[in-house]
Amino acid sequence: QVQLVESGGGLVQPGGSLRLSCAATGLVYTSFNIAWYRQPPGQQRRMVAQMITAGDTIYVDFAKGRFTASRDNFENTAYLQMNNLKTEDTAVYYCRATCSGPACFPGEDYWGQGTQVTVSL
């Protein structure tokens, strides 16, 4: 059974930093692209960053320069380092694993349960 478990969310003041983690079990980690998404209150879920199996990372505009996504293929864990946080970064943050390699079936797609990040004074 595949599980993605996010952690590291919390309350932080504007300008602060948080590091989110996403621990994966039950899959061949290196065959999956790992992405971070977020869903602010009352808004749609949007991608923040995607790490593809080839090693490249794609960031959306609001994340460039402030957020850094990384993955540890030995620990089956992804990270999202968020710096200089703003109130508009308040959201539930999710990780997502999508099949992109030989050790999974096309269309395999898994989400974590999310972790709340609140940026406020």
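Here the structure is a predicted model, which means the values were calculated and not measured.

Asks: Please explain the sheet that holds strand E8 (residues 77-82) as it appears in this structure.
Replies: Through backbone hydrogen bonds, the strands of a sheet pair up, either in parallel or in antiparallel fashion. Ordered in space as E1-E3-E8-E7, the four strands form an open sheet in which the pairing is antiparallel. The strands lining the two open edges of the sheet, one partner per strand, are strand E1 (3-7) and strand E7 (67-72). Direction aside, the axes of adjacent strands within the sheet are offset by 15° on average. Judged from the six bridges that link them, E7 and E8 form a sheet pairing that is antiparallel. Opposite Ser70, over in E8, you have Tyr79 as the bridge partner.

Asks: Honestly, the nonpolar core in this entry has me stumped. Any pointers?
Replies: Looking at soluble globular proteins, one finds that nonpolar side chains tend to be buried together. Grouped together as the largest cluster of nonpolar side chains are 30 residues, with contacts concentrated most on Trp36, Val48, Phe67, Leu80, Met82 and Tyr93. For this core, the elements supplying multiple residues, two or more each, are strand E3 (18-25), strand E4 (32-39), strand E5 (46-51), E7, E8, strand E9 (91-99) and strand E11 (115-119). Sort the elements by how many residues they give to this core and E9 lands first, with five residues. Sequence-distant contacts of Phe67, defined by excluding residues within four places in its chain, comprise Arg38, Val48, Tyr59, Phe62, Leu80, Gln81, Met82, Asn83, Leu85, Asp89 and Tyr93.

Asks: I tried to follow the pattern of salt bridges on my own but got confused; where do I start?
Replies: When the charged atoms of two side chains with opposite charge come close together, those side chains can pair. Scanning the entire structure with this criterion turns up four salt bridges. For Asp89, the salt bridge is made with Arg38, and the minimal N-O distance between the two is 2.8 Å. Taken together, the residues Asp89 in the loop between E8 and E9 and Arg38 in strand E4 connect sequence positions 51 residues apart. Of the two residues, Asp89 and Arg38, neither departs from the other in class, the shared state being buried. Arg66 is the partner of Asp89 in a salt bridge, and the nearest nitrogen-oxygen pair spans 2.7 Å. Here Asp89 is found in the loop between E8 and E9, whereas its partner Arg66 is found in the loop between strand E6 (57-59) and E7, with 23 residues between them in sequence. Take Asp89: its relative accessible area is 0%, and that puts it in the buried class. Looking at Arg66, the relative accessible area reads 11%, which means it is buried.

The rules behind the values
- Residues numbered from 1 in each chain as written.
- Predicted model: local features only at pLDDT ≥ 70, side-chain atom pairs only at ≥ 80, totals over all residues.
- Heavy atoms only, no water.
- Pairing = 2+ DSSP bridges.
- Helix = DSSP H or I, 4+ residues; strand = E, 2+ residues; numbered from the N terminus.
- Axes fitted to C-alpha atoms, helices over the stretch in contact; angles between N-to-C directions.
- Core = buried A, V, L, I, M, F, W, Y, C linked by side-chain atoms within 4.5 Å.
- Buried < 20%, exposed > 50% of the residue type's maximum accessible area, 1.4 Å probe, protein only.
- Contact = heavy atoms within 4.5 Å.
- Salt bridge = Lys/Arg side-chain N within 4 Å of Asp/Glu carboxyl O.

On their own, these measurements won't tell you what the molecule is for.
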